[in-house]
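The primary structure of each chain is shown beneath.
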Amino acid sequence: MTSPTESLAAPKRSGMFEDLIEVLYSPSKVFDRTRAVKAGKYALVTALIVAVIAIATKNLVQPWYEAQADLALKLAAAKGTPIPDAMASGMRSSTAWSIVGGAPLITLIGPYVNAMFLLLGAKLMKAPLTYSQAATVAVLGGVPRLFSWMFMPVQALLSDGASARSLMDLSLSPARFVDPVTMPPAVLALLGTLDVFHLWQLALTAIGVAVVARVSMGTGAVIALIMFGIGAILQLAPSAFF
């Protein structure tokens, strides 16, 4: 039988969808009660949500998917390696589905990759964090990224598809204000990582690490920044060298 003291100390049990919603406005409570919860169910549900949104809004965002393909073609031509017309046509038609199909996969696998970076940061900062805990922090901390997939079609409704330059036009990042053709790809990619949803994710992750590992917010922030920094480097590497 549970004693009154134990009952008061035990975190309140909650449902999965309650956790996914409440983490947006009361993250400390959610991370505290999910300290021993596995990440799998959250990763699967968020990936399914992204899949539904991406597929349902594909036609609406299509001009920007095509613009993204055209940008790749222009950059290839500028580097002296123009893509033949036959391949270019196929590239335009496949870009949308590659992004739509890849988004749920990244949402599903991404938290487990980020968990490795969080674990590395925790080791460097001597914070007691397990890989399982890091994965749960990563997936719950990444919930704001779902809003980026909701925001894109809203922006598409309010924008002129004929003037689409790239997917960055539909982002809430500094990248939407620069010319994607003249801006170096690595710089454009870096600006794209500084969107509102990435920064929100970074803040939630820092809180999650601090709560779960029982360390200061400063330590949690450093560990989250290590995760963000490594992820940004890996994302920027292809743009910088190819």
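Residues numbered from 1 in each chain as written. Predicted model: local features only at pLDDT ≥ 70, side-chain atom pairs only at ≥ 80, totals over all residues. Heavy atoms only, no water.

Caption draft 1: Examining the pattern of salt bridges more closely. For the structure on display, the rule yields four salt bridges. Of the charged contacts, one joins Arg33 and Asp19 as a salt bridge, the two residues approaching to 3.0 Å between their closest N and O atoms. Separated by 14 residues along the polypeptide, Arg33 in helix α3 (residues 27-33) and Asp19 in helix α2 (residues 16-22) bring together distant segments of the chain. On the accessibility criterion, Arg33 (14% relative accessible area) is buried. Residue classification places Asp19 among the buried residues on the basis of a relative accessible area of 2%. The network of salt bridges with common partners includes Asp19, Glu22 and Arg33. (Salt bridge = Lys/Arg side-chain N within 4 Å of Asp/Glu carboxyl O. Helix = DSSP H or I, 4+ residues; strand = E, 2+ residues; numbered from the N terminus. Buried < 20%, exposed > 50% of the residue type's maximum accessible area, 1.4 Å probe, protein only.)

Caption draft 2: Summary view of the packing of aromatic side chains. Taken as a whole and assessed by the stated rule, the structure comprises two aromatic pairs. A ring pair is formed by Phe147 and Trp200, whose centres lie 5.7 Å apart and whose planes are at 25°; its orientation type is stacked. On the criterion of sequence distance, the pair formed by Phe147 in helix α8 (residues 145-158) and Trp200 in helix α10 (residues 196-213) is long-range, its members being 53 residues apart. (Phe/Tyr/Trp six-rings, centres within 6.5 Å; stacked < 30°, edge-to-face > 60°.)

Caption draft 3: Quick look at α8. Counted at 1.5 Å a residue, the expected span for α8 with its 14 residues is 20 Å, and the 21 Å between its end C-alpha atoms agrees. Considered for burial, the residues of α8 that qualify are Leu146, Ser148, Trp149, Phe151, Met152, Pro153, Gln155 and Ala156. Those residues of α8 that are buried lie in contact with α4 (40-56), α5 (58-78), α6 (85-124) and α10. (Expected span 1.5 Å × (residues − 1). Contact = heavy atoms within 4.5 Å.)

Caption draft 4: Spotlight on unusual backbone geometry. Positive phi outside glycine occurs at Lys126, with the angle close to 55°. Judged by relative accessible area, which is 73%, Lys126 ranks as exposed. Here Arg214, not a glycine, exhibits a phi torsion of approximately 55°, which is positive. Topologically, Arg214 is positioned in the loop between α10 and α11 (217-241).

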